[in-house]
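Structural description and commentary
Now for the letters of each chain:
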Amino acid sequence: GHWSLSAVCFNVITFLSAGFTYLARHDACAAISRWVPAARMAEGLVWMVLFVRLGQDSRGFITSAALLISTLPYVATWAGMIISAQLLGLTGCYLTCVPEAIHLVTTGPVLILVTALGLDGTMKVPVIGPAFVRFSLTPSSRPCCGPGGRCIGFA
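Residues numbered from 1 in each chain as written. Predicted model: local features only at pLDDT ≥ 70, side-chain atom pairs only at ≥ 80, totals over all residues. Heavy atoms only, no water.

1. Quick notes on the overall build of the protein chain
Across its full length, the protein chain carries 6 helices and 0 strands. The buried share among the 155 residues of the protein chain stands at 36%. Contacts spanning at least 24 positions in sequence make up 68% of the contacts within the protein chain whose residues lie at least 6 apart. Counting every atom, the protein chain has about 8800 Å² of accessible surface; 72% of that belongs to carbon and sulfur. (Helix = DSSP H or I, 4+ residues; strand = E, 2+ residues; numbered from the N terminus. Buried < 20%, exposed > 50% of the residue type's maximum accessible area, 1.4 Å probe, protein only. Contact = heavy atoms within 4.5 Å. Areas by Shrake-Rupley, 256 points an atom, 1.4 Å probe, with all protein chains shown as cover.)

Given below as structure tokens:
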């Protein structure tokens, strides 16, 4: 299948960003949770190794899955955290650790599992597997899209 290198890179950035911030500034997370950025970086490295080992046929699916499972929820959580902090007048670099911790135990492991299963393995997951694969690969299965796969607001 077809896949986008920029989409893969964007997903890798979501895994590695806080780790690099911590390494550069040593203040991304409070002392009690300094391991979070390192663990997210480790998840990212595991995901990259699994992605590289995939066959060409699964890479398109995994790229779409990464955007849906990991990248979009991470960016939404991070943006929500920053906006909330601004509205509430909170400050501190530790705020960036909250999305990292959330995704360390939620979307990161799910994406690694889906990547390890690949397209065929995900299809074999009862009930949700085939539906998720269809949703990931077929534009017409998305709620914003009409007949023929034409998405509202997209060319």
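After that view, the rundown keeps rolling.
2. Looking at the side chain of Arg-40
Locating Arg-40 in the fold gives a position in helix H2 (residues 35–53). Arg-40 sits in the buried class, given a relative accessible area of 0%. Engagement of the side chain of Arg-40 in a polar contact is seen with the side chain of Glu-100, the distance being 3.1 Å. (Polar contact = N/O pair within 3.5 Å; in protein donor to acceptor, adjacent residues only side chain to side chain.)

3. Here we look at the layout of surface pockets
As a volume, the largest pocket reaches approximately 150 Å³. Every residue lining the largest pocket is listed: Ile-69, Val-110, Leu-113, Val-114, Leu-117, Thr-122, Val-125, Ile-128, Gly-129 and Phe-132. Within the residue set of the lining of the largest pocket, elements represented by two or more residues are helix H5 (107–123) and helix H6 (128–137). Here the lining of the largest pocket gets 5 residues from one element, more than from any other, and that element is H5. (1 Å grid on protein atoms, 1.4 Å probe; cavity = no way out; pocket = protein on both sides within 12 Å on 5 of 7 lines; lining within 4 Å. Points joined across faces, edges and corners; volume = space filled by probe spheres on them.)

4. Section: the side chain of Ser-70
In this fold, Ser-70 is placed in helix H3 (residues 56–88). Owing to a relative accessible area of 0%, Ser-70 belongs among the buried residues under this scheme. Separated by 3.4 Å, the side chains of Ser-70 and Asn-11 make a polar contact. Setting aside anything within four residues of it in sequence, one finds Ser-70 in contact with Asn-11, Thr-14, Phe-15, Ala-65, Thr-107 and Leu-111.

5. Some points on the environment of Ala-42
Its location among the elements puts Ala-42 in helix H2. By relative accessible area, which is 38% here, Ala-42 ends up partly exposed. Distance in space between the C-alpha atoms of Ala-42 and Leu-16 is 8.5 Å, their sequence separation being 26 residues.

Spatial relationships are all this shows, so hold off on functional conclusions.
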